[in-house]
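# Observations on the three-dimensional arrangement
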Amino acid sequence: MNPGPCQYYSTQTTRLEQQNATLNALVYLDSNPPASVHTRSLLNDLKLAVKDNICTRSMPTTCSSMMLREFQPPFDATVVKLLRDGGASIIGKTNCDEFGMGSLNVHSVHGPVVNPYIPPFSRGKPFCQEQRSAGGSSGGSAAAVAAHMCDESALGTDTGGSVRLPASYCGIVGFKPSYGLISRWGVVSYADSLDCVGILTRKIRDVMRVFELASVYDPKDPTAARPATRTRAFEACKSYLPQFTSTLTGLRIGVPQEYFPAELQPSALSPIRTVLEALKSRGASIIPVSLPSTPYALSAYYVISSAEASSNLARYDGVEYGLRIDLAPDADKTKTANVYAHTRTRGFGKEVQKRILLGTYALSADAFENYFLQAQRVRKLIRADFDRVFCVPNVLTTASTSAVDGVHVLLHPSAIRTAPPLPNDKDSHQEATPDGLDDYVQDVLNVPASLAAFPWVWRQKDEWPMGVSVVGQWGCDEMVLKVGEIIESLQE
Amino acid sequence: MAEDEGRTKVVGTNRLDKLHGKVDYTPGPANAELLCLLSPARLAQISICSLMEIYVRLVHTIRTLKEDPRWPGWELVVGIEVHAQIKSRAKLFSETFTADLDEPPNSHVSPFDAAFPGTLPRLNSKCVELGVRTAIALNAEVQRRSAFDRKHYFYADLPSGYQITQQYAPIARGGGLKLDRDDVFVRIKQVQLEQDTGKSAFLPRNHLSAIDLNRAGTGLMEIVSEPDMRSPEEAADYVRTLQALLRCVGSSDGHMEQGSLRCDVNVSVNRAGSPPGTRCEIKNLNSVKFMMIAITCEAHRQIELLESGRSVPQETRGFDEDRAETYALRSKEDAPDYRYMPDPNLPPLLLDQEYITKIRNDMPELPDMTRARLLALDLSRRDTDVLMDVDSGREVGFDGELGGGAVAYFDSVARGRDPKAVVNWITHELLGQLAFRRETFKENPISVEQMGNLIDLVQTGTITGTSGKTILRHLLSNHSQDMPSKLAEQLLLIAVRDDGSSLEKWCSEAISALPEEAKIVRTGNVRVVNKIVGRVMKASRGRANAEDVRAMLLKMLQ
């Protein structure tokens, strides 16, 4: 039943195939990517891997779901088109959790992704290395970048941490831009109000190259930030960022106390301590701040994302495209829903089914007020929390005033732990995690900024990697990347 | 129109206010008290127009029960939800062109219409404009902020599994429609924009459902009335008046037979003087005639239940046209939970006052005003009715494009001319000839300039009325682009103006040709002169004026 790690081998790409056979990062390899004709373009000859929930005209887009196993979209996502036009070539599609739902990249019809990171203590001893999760849901993208399978960059998507968490686990840079900056046209919806296209690279300057080309207003995305809003945000960001010379005097870095929860592994503290000390020694001010609504964020996130998922995934009924399971001859065909149920039961994995049911319940007449509306209220509070601590005003809210002594960015651990081991039995990937909430807890530090939709960057340290996150005001992507570069340079 | 720029992230939270507000709008059953509640100062601020409206509503609310011989002692209460397809070139959220009924199935379908993964909606501003136009025509309050919601259910002709509609924050609220008869005023509760579905047809022979997505995603306006109608006839009058209004503002062509206007009707009955009864909704009525039959038999059914001591269960019913009866579709308990959710892809629709004012200023004239204006030109009621009837049958253009109707034609021709003469030529001669040729006004080949020129020729006596009609027929048969003045010359129809010498000649010839008749006239039987007049008219090929001929003949035969 389970397919091989990569169904679509190419004869040209032996090295990739060999790597992929171990990692299972790529689920489709373009056997002869078109030679770039853009000789002087920004992304000249960049070989890019794209998460399998971003539509590509020339390759399948399966979303790691049985439902879309054979699906090939009739169009390219806007972000794919922009990068192709900029000179990049797409080498293939990366593994992910089904429709982006998961934190460990184990809920995939293609099987789990193996974390390619080799910690210093086991280098040179490949056979004793334990298999760890690459994180999810953009685990394939993170693994491909970390293992140098694509040049520098891969596209992922981030709804509740799906770029940032795998970046932390694999020890690379994961960038979730502000919501609405990169077009979602052609990105298969999981939860529309949270979904973002993210960029995974090994160096922050590579993020910048891709982001510059991809962050363009697209009239086909009704949630895209308008050019005027982008300009306002850009100017606000520029006017608040201090001019750094040799010191970081004037840079105010907030450390949110709620981001050190009980679940945090003690060892996860050392990277952020190191970074904070280094920043302080170069003149930055470290300021403790409070985001009091944080504890409610995870529940609110799962209510909202599941509700939207239950709505967005209603379209997979086996009629227009995708998998279709015919009914047994004696089946009750009187109701359309009965007919669809066959296809949907077979086509969706357990995790997706679970979230559809959760979301359907949250939207039902009895639960709507207590779950969906309550979660929206929490979302508003979280957003207000962030607006209160940043010095840059939020250009999206007309009434927003910034804190006089507010911080430029926030810094906190990217995950509560390093990459967890993969379950031994690869074949039972659908049941790989227990039914408990362990899986969801991985997102606890990433979700709040998703609900508020802010940019994010990762830095690594330690034996198994462990990220440090930089969070900024909406539209302050440049500021976050700049601080990220500073942190990157501290390590070198 | 402005969309909520850049506020996309808070869409959900901002909508909360509105979601909470779902109870804060209570459509005004308390209108009767409205006048009493208004202070004199407030009253002074209210324009005469709105006072009139309040008055009309007041009249309605305290409307006395009119005994209906079909159900003596009972009162019938009807409210109607009309779904009118927006006559826009493209669909509501995609750039696909809307389809005509005769086009091949699934020939107007984009990836978005078929709910392909990765596609996103994009609001068609033309649909918004037509929705606002309709709201203004209904005197409704256009909402500066409205929002789109998803209504979920699984059906084969709904590819995405949800319909985008405006459940919580519709584009317009309030307003009403005055019916022609009996001064009935029907209040409007709200107007909302939403998507139409595709069509599915079951093919029993091979046990398959055929799905056509041509219609999927076409814009609809759902226009919800208050339960202000009291008879099947009033319901019919409401739908017809609304139809004419939609056609007039160009927002829908309102063809019930073709499905571009569909009605769901809420019916309840109560004993005279008692509070309203439990209502049943009859779904998907697609002709005014069937709607009246459905309401009538539903009233009888409910009265029968109540009179036998049973109660009317609240339910949704269908209508069987062949058996002329309604049947239960589902009870209140079986009502599906549509799991409404604010659409996370569509920012709230924000309309600024300037935009609304511009549409208001560019509004086409509404039927009531047109009627009043035409009557003020001293046209007869009959001529006015004929013009407006023909006008309401005109083709409705896409995206609110106006013009081309009989009234516009009349207005253009009448500019600088005698309106009564013009309306005579249009309603009697032009429409008469078109009807004779079994053509509609749409097929009229005579331009405004040609018609004006023709009327001028007759009015100035350059040609006779008879010649005018000849030229009219010539224009209709030959689709000639020539001006009537040129045709009059070509066809030798210029009225003779040679001091009567030609006339005298034709008359003498006619008298010689008809000696018997001449003799009878000479003896004093004047009526027979008409035959000789006819001979002269024929000889002159209409160039002679019949009155002059008659006078000349009588003089010669004295």
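The rules behind the values
- Residues numbered from 1 in each chain as written.
- Chains lettered and ligands numbered in written order.
- Predicted model: local features only at pLDDT ≥ 70, side-chain atom pairs only at ≥ 80, totals over all residues.
- Heavy atoms only, no water.
- UniProt positions renumbered as here; feature names shortened; annotations may be inferred.
- Helix = DSSP H or I, 4+ residues; strand = E, 2+ residues; numbered from the N terminus.
- Buried < 20%, exposed > 50% of the residue type's maximum accessible area, 1.4 Å probe, protein only.
- Contact = heavy atoms within 4.5 Å.
- Areas by Shrake-Rupley, 256 points an atom, 1.4 Å probe, with all protein chains shown as cover.
- Phe/Tyr/Trp six-rings, centres within 6.5 Å; stacked < 30°, edge-to-face > 60°.
- Pairing = 2+ DSSP bridges.
- Polar contact = N/O pair within 3.5 Å; in protein donor to acceptor, adjacent residues only side chain to side chain.
- Core = buried A, V, L, I, M, F, W, Y, C linked by side-chain atoms within 4.5 Å.
- pLDDT = per-residue confidence, 0-100.
- Axes fitted to C-alpha atoms, helices over the stretch in contact; angles between N-to-C directions.
- Parallel < 35°, antiparallel > 145°, perpendicular 65-115°, else oblique.
- Left-handed = near helix turned anticlockwise from the far one by under 90°.
- Nonpolar A, V, L, I, M, F, W, Y, C, P; charged D, E, K, R; others polar.
- Buried area = accessible area lost by both parts, 1.4 Å probe.
- Salt bridge = Lys/Arg side-chain N within 4 Å of Asp/Glu carboxyl O.
- Arc of directions from axis to C-beta.

An unreviewed UniProt entry annotates chain B as Glutamyl-tRNA(Gln) amidotransferase subunit B, mitochondrial originating from Grifola frondosa. As stated in UniProt under Sequence similarities (unreviewed entry), the record for chain B gives "Belongs to the GatB/GatE family. GatB subfamily."

As annotated in an unreviewed UniProt entry, chain A carries the name Glutamyl-tRNA(Gln) amidotransferase subunit A, mitochondrial and is attributed to Grifola frondosa. Looking at the Function (unreviewed entry) heading of the UniProt record, one finds this comment for chain A: "Allows the formation of correctly charged Gln-tRNA(Gln) through the transamidation of misacylated Glu-tRNA(Gln) in the mitochondria. The reaction takes place in the presence of glutamine and ATP through an activated gamma-phospho-Glu-tRNA(Gln)."

## A few points about the overall build of chain B
Regarding its fold elements, chain B presents 19 helices and 18 strands. Put simply, chain B has 558 residues, and 52% of those count as buried. The contacts of chain B with a sequence gap of at least 6 include a subset with a gap of at least 24, amounting to 69%. Accessible area of chain B: about 26300 Å², with a carbon and sulfur share of 51%.

## Brief notes about the packing of aromatic side chains
All told, the structure shown has 22 aromatic pairs over all chains when counted by the stated rule. Ring geometry for Y316 of chain A and F348 of chain A: centres 6.2 Å apart, planes at 85 degrees, overall edge-to-face. Taken together, the residues span a long stretch of sequence, with Y316 of chain A in the loop between α8 (294-312) and α9 (336-347) and F348 of chain A in the loop between α9 and α10 (350-363) at a distance of 32 residues. Ring geometry for Y168 of chain B and Y340 of chain B: centres 6.3 Å apart, planes at 70 degrees, overall edge-to-face. Here Y168 of chain B is found in the loop between β6 (162-165) and β7 (172-173), whereas its partner Y340 of chain B is found in the loop between β16 (325-331) and β17 (341-342), with 172 residues between them in sequence. Y168 of chain B sits in the buried class, given a relative accessible area of 11%. An aromatic cluster is built from F71, F99, Y316, Y321 and F348 of chain A together with F116 of chain B, whose rings are joined through pairwise contacts.

## Topic: the pairing of strand β6 (residues 196-201) of chain A
All names here are of chain A. β6 sits mainly inside the fold: six of its six residues count as buried. Taking every second residue as pointing to the same face, both faces of β6 are buried, with C196, G198 and L200 on one and V197, I199 and T201 on the other. Pairing analysis gives five bridges linking strand β4 (residues 154-158) to β6, with the strands arranged antiparallel. Across the sheet, A154 pairs through a bridge with L200, a residue of β6. Here strand β5 (residues 173-175) runs beside β6; their pairing, made up of three bridges, is antiparallel. Across the sheet, residue F175 finds its bridge partner in β6, namely I199.

## Comments concerning the sheet that holds β17 of chain B
All names here are of chain B. A sheet is described by the order of its strands in space; here three strands give the open sequence β6-β5-β17, paired in antiparallel fashion. If you trace the sheet from one side to the other, it starts and ends with β6 and β17, each paired once. For strand β5 (residues 149-152) and β6, the ladder comprises four bridges, and the chain directions are antiparallel. Residue H152 lies in a different strand from β6, and its bridge partner there is Y162.

## Points about the side chain of T165 of chain B
Residues and elements named next belong to chain B. Among the structural elements, T165 can be located in strand β6. Of the polar contacts made by the side chain of T165, one reaches the side chain of Q192; its length is 3.1 Å. Once residues within four sequence positions are removed from consideration, T165 is found in contact with A147, F148, D149, K151, Q192, L193, E194 and Y340.

## Overview of the nonpolar core
Counting residues in each nonpolar core, the largest one holds 87 residues, and the members touching the most others are F99, M149, L313, Y316, F348, F386 and L410 of chain A. When residues in this core are grouped by element, the largest group, eight residues, is from α8 of chain A. Beyond its immediate sequence surroundings of up to four residues, L313 of chain A is in contact with F99, M101, S189, R344, F348, V352 and I356 of chain A. Grouped together as the second largest cluster of nonpolar side chains are 70 residues, I164, A172, L245 and I282 of chain B included.

## Observations concerning the confidence of the model for chain A
Chain-level pLDDT for chain A is 87 on average; 86% of the residues reach the 70-or-more range. The low-confidence segment residues 426-435 of chain A, where pLDDT is below 50, has 22 contacts with residues more than four positions distant or belonging to other chains.

## Quick notes on unusual backbone geometry
In this structure, the amide linkage connecting G136 of chain A to the following residue, S137 of chain A, adopts the cis form with an omega of 5 degrees. Here S137 of chain A shows up in the loop between β3 (89-94) and α3 (139-146). The residue N24 of chain A is not glycine, and still its phi comes out positive at about 60 degrees. Along the chain, the position of N24 of chain A falls in the loop between α1 (14-23) and β1 (26-29). A positive phi angle is found at N106 of chain B, which is not glycine, with a value near 60 degrees. The topology assignment puts N106 of chain B in the loop between β2 (74-85) and α5 (125-137).

## Remarks on the packing of helix α12 (residues 419-436) of chain B against helix α13 (residues 448-459) of chain B
Residue and element names in this part refer to chain B. One way to put it is that α12 packs onto α13 with a least axis distance of 11 Å and a crossing angle of 110 degrees. When the axis of α12 is compared with that of α13, the two are roughly perpendicular. Our pair here, α12 against α13, has a crossing hand that is right-handed. Across the interface between the two elements, A421, V422, W425, I426 and L430 of α12 pack against M451, L454, I455, V458 and Q459 of α13. Classifying every residue of the contact of α12 with α13 gives nine nonpolar, one polar and no charged.

## Some points on the environment of S285 of chain A
All names here are of chain A. Position of S285 among the secondary structure elements: in strand β8 (residues 285-289). A relative accessible area of 28% means that S285 is categorised as partly exposed. In the structure, S285 is positioned 36 residues away from T249 in sequence and 7.5 Å away in space, judged by C-alpha atoms. Sequence-distant contacts of S285, defined by excluding residues within four places in its chain, comprise L251, R252 and I253.

## Observations concerning the pairing of strand β13 (residues 261-271) of chain B
Residues and elements named next belong to chain B. Taking burial as the measure, the 11 residues of β13 include 10 buried ones, the bulk of the element. Bridging between β2 and β13 involves 11 bridges; their strand directions are antiparallel. Among the inter-strand pairings, E81 is bridged to a residue of β13, identified as D264.

## Here's the deal with the sheet that holds β6 of chain A
Within a sheet, neighbouring strands are paired by backbone hydrogen bonds and run either parallel or antiparallel to one another. Residue and element names in this part refer to chain A. Read from one edge of the open sheet, six strands run β1-β3-β2-β4-β6-β5, paired in mixed fashion. Whereas interior strands pair on both sides, the edge strands pair on one side only; in this sheet they are β1 and β5. Averaged over neighbouring strand pairs, the angle between their axes works out to 30 degrees when direction is ignored. Pairing between strand β2 (residues 47-51) and β4: two bridges, direction parallel. Note that in β4 the partner of A49 across the bridge is A154.

## A closer look at the interface of chain B and chain A
Between chain B and chain A, the contact holds 45 residues from the first and 56 residues from the second. Carbon and sulfur atoms make up 60% of the surface buried where chain B meets chain A, a total of about 4300 Å² over both sides. Where chain B touches chain A, the interface holds one salt bridge. The interface formed by chain B and chain A holds 14 residue pairs in polar contact (both at pLDDT 80 or more) in total. With six residues, helix α1 (residues 11-20) of chain B is the largest single contributor of residues to the side of chain B that touches chain A. Of the residues belonging to the side of chain B that touches chain A, the class tally is 24 nonpolar, 11 polar and 10 charged.

## Remarks on helix α9 (residues 367-376) of chain B
Residue and element names in this part refer to chain B. Residues of α9 that are buried: P367, T370 and L374. Across the axial projection of α9, the buried residues extend over an arc of 60 degrees, all falling on one side. Across from the buried face of α9, at angles greater than 90 degrees, the exposed residues are D368, M369 and A376. Taken together, the buried residues of α9 touch α6 (232-249), α10 (381-392) and α11 (406-414). One or two steps after α9, the chain reaches D378, where phi turns positive at roughly 75 degrees.

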